[in-house]
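Single-letter residue listing:
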Amino acid sequence: AQKVTQAQTEISVVEKEDVTLDCVYETRDTTYYLFWYKQPPSGELVFLIRRNSFDEQNEISGRYSWNFQKSTSSFNFTITASQVVDSAVYFCALSEFAGSEKLVFGKGTKLTVNP
Amino acid sequence: KAGVTQTPRYLIKTRGQQVTLSCSPISGHRSVSWYQQTPGQGLQFLFEYFSETQRNKGNFPGRFSGRQFSNSRSEMNVSTLELGDSALYLCASSLTGPSTDTQYFGPGTRLTVL
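As the structure is a prediction and not an experimental result, all values here were calculated from the model.

Novice: An account of the sheet that holds strand 7 (residues 64-68) of chain B is needed here, citing residue identities and associated values.
Specialist: Residues and elements named next belong to chain B. Here we have 4 strands laid out as an open sheet, ordered 1-3-8-7, and antiparallel in their pairing. Unpaired on one side and paired on the other, strand 1 (5-7) and strand 7 mark the two borders of the sheet. Between one strand and the next, the sheet's axes are offset by a mean angle of 20 degrees, whatever the strand orientation.

Novice: Any details on the layout of surface pockets? Residues and values, ideally.
Specialist: The calculated volume of the largest pocket comes to roughly 530 Å³. Lining of the largest pocket is provided by 24 residues; of these, Gln39, Val89, Phe91 and Lys107 of chain A together with Gln37 of chain B occupy positions nearest its centre. Put simply, the parts of the chain that give the lining of the largest pocket at least two residues each are strand 10 (88-96) and strand 12 (109-114) of chain A together with strand 4 (31-38) of chain B. For the lining of the largest pocket, a count of residues per class yields 8 nonpolar, 12 polar and 4 charged. Considered as a void within the structure, the second largest pocket measures approximately 400 Å³ in volume. Forming the walls of the second largest pocket are 17 residues, and the residues nearest its centre are Gln2, Val104 and Phe105 of chain A together with Leu43 and Gln44 of chain B.

Novice: Account for the pairing of strand 9 (residues 87-94) of chain B, naming residues and giving values.
Specialist: Residues and elements named next belong to chain B. Taking burial as the measure, the 8 residues of strand 9 include 8 buried ones, the bulk of the element. Going residue by residue along strand 9, you find Ala87, Tyr89, Cys91 and Ser93 tucked away on one face and Leu88, Leu90, Ala92 and Ser94 tucked away on the opposite face as well. As defined by bridge partners, strand 4 adjoins strand 9 across 7 bridges and the pair is classed as antiparallel. When the sheet's bridge partners are listed, Ser31 is paired in strand 9 with Ser94. As judged from the 2 bridges shared by strand 9 and strand 10 (residues 104-105), these two strands associate in the antiparallel manner.

Novice: Describe the pattern of salt bridges, naming the residues involved and giving the relevant values.
Specialist: Throughout the structure, instances matching the rule amount to 8 salt bridges over all chains. Residue Asp85 of chain B pairs with Arg63 of chain B through a salt bridge whose shortest N-O separation is 2.8 Å. You can see Asp85 of chain B sitting in the loop between strand 8 (74-78) and strand 9 and its partner Arg63 of chain B sitting in the loop between strand 6 (53-57) and strand 7, a full 22 residues away along the chain. For the pair formed by Asp85 of chain B and Arg63 of chain B, the shared burial category is buried. A cluster of three or more residues bridged by salt bridges with shared partners is formed by Arg51, Asp55 and Glu59 of chain A.

Novice: Can you break down the side chain of Ser99 of chain B residue by residue, with the values?
Specialist: Looking at the element boundaries, Ser99 of chain B is found in the loop between strand 9 and strand 10. Of note is the side chain of Ser99 of chain B, whose polar atom sits 2.8 Å from the side chain of Ser95 of chain A. Once residues lying within four places of it in the same chain are set aside, the contact partners of Ser99 of chain B are Tyr33, Phe35, Arg50, Ser95, Glu96, Glu101 and Leu103 of chain A.

Novice: Which residues make up the interface of chain A and chain B, and what values go with them?
Specialist: With 19 residues of chain A in contact, the opposing surface of chain B contributes 22 residues. Looking only at chain A, the three residues that lose the most surface to chain B are Leu45, Glu101 and Lys102 of chain A, adding up to 32% of its buried area. Taken together, the links from chain A to chain B amount to 0 salt bridges. Connecting chain A to chain B are 6 residue pairs in polar contact (both at pLDDT 80 or more). When contributions to the side of chain A that touches chain B are tallied by element, the ones reaching two or more residues are strand 5 (32-39), strand 6 (46-52) and strand 10 of chain A. Looking at the side of chain A that touches chain B, its residues break down into 9 nonpolar, 4 polar and 6 charged.

Novice: Tell me about the nonpolar core, and name the residues and values.
Specialist: Formed by 24 residues in total, the largest nonpolar core has its most connected members in Trp36, Phe75, Phe77, Tyr90 and Leu111 of chain A. Secondary structure elements with two or more residues in this core: strand 2 (10-14), strand 3 (19-21), strand 5, strand 8 (64-69), strand 9 (74-79), strand 10 and strand 12 of chain A. Of the residues forming this core, the biggest block, 4 residues, is contributed by strand 10 of chain A. In this structure, Leu111 of chain A is in contact with Ile11, Val13, Val19, Ile79, Asp86, Ser87, Ala88 and Tyr90 of chain A, ignoring residues within four places of it in sequence. Of all hydrophobic cores here, the second largest spans 21 residues; its members include Trp34, Phe60, Met76 and Leu81 of chain B.

Cut-offs used in this document
- Residues numbered from 1 in each chain as written.
- Chains lettered and ligands numbered in written order.
- Predicted model: local features only at pLDDT ≥ 70, side-chain atom pairs only at ≥ 80, totals over all residues.
- Heavy atoms only, no water.
- Pairing = 2+ DSSP bridges.
- Helix = DSSP H or I, 4+ residues; strand = E, 2+ residues; numbered from the N terminus.
- Axes fitted to C-alpha atoms, helices over the stretch in contact; angles between N-to-C directions.
- 1 Å grid on protein atoms, 1.4 Å probe; cavity = no way out; pocket = protein on both sides within 12 Å on 5 of 7 lines; lining within 4 Å.
- Points joined across faces, edges and corners; volume = space filled by probe spheres on them.
- Nonpolar A, V, L, I, M, F, W, Y, C, P; charged D, E, K, R; others polar.
- Buried < 20%, exposed > 50% of the residue type's maximum accessible area, 1.4 Å probe, protein only.
- Salt bridge = Lys/Arg side-chain N within 4 Å of Asp/Glu carboxyl O.
- Polar contact = N/O pair within 3.5 Å; in protein donor to acceptor, adjacent residues only side chain to side chain.
- Contact = heavy atoms within 4.5 Å.
- Buried area = accessible area lost by both parts, 1.4 Å probe.
- Core = buried A, V, L, I, M, F, W, Y, C linked by side-chain atoms within 4.5 Å.

Remember, this is a structural readout, not a statement about activity or role.
Encoded structure:
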């Protein structure tokens, strides 16, 4: 069965610090997708990134970067030079490709960036 | 382009009642997914519809049902409400499915069961 574990329940940092959010997943499939979503205090989830299981290249988007390692079943998310606006709950999610269209989410990590 | 809209935004019901929540996807999106979010269980998948067909269902009792109309709008229904059904219900839409297309979420409907 699919499972996503975000071991860090809450993280608190000071502005400009770098922070890494961990995500470990379990799946029996060889083809799957991994996602990160952000839920700011306003409540609406915002899509950040999708990776398929065949693409292990790390990705960088501005201050955000993602490290996908199949060997350790991890898909970690790093925010460089954090800002107060990054304060949110971040969710990692997994879907198996075989047309399931069903996302399994981790419990989320609440990030607080203090000024 | 208008985002995903959900109505109502807040709802208070009593145990035993039933409730219907509505979701209007982004224009052109044919896939609609529903999720339940609670502090204890987190975000849990309820079901996903594409072109009026339910393609997947999560592990929820039969009291939870849904449907999708020809214009892609979707409704979910919860019958015989229980206290544990109190949650934020989120709807999300995508072009053809959340695995392969970007999924956009609505603001949610906050359901309180008394």
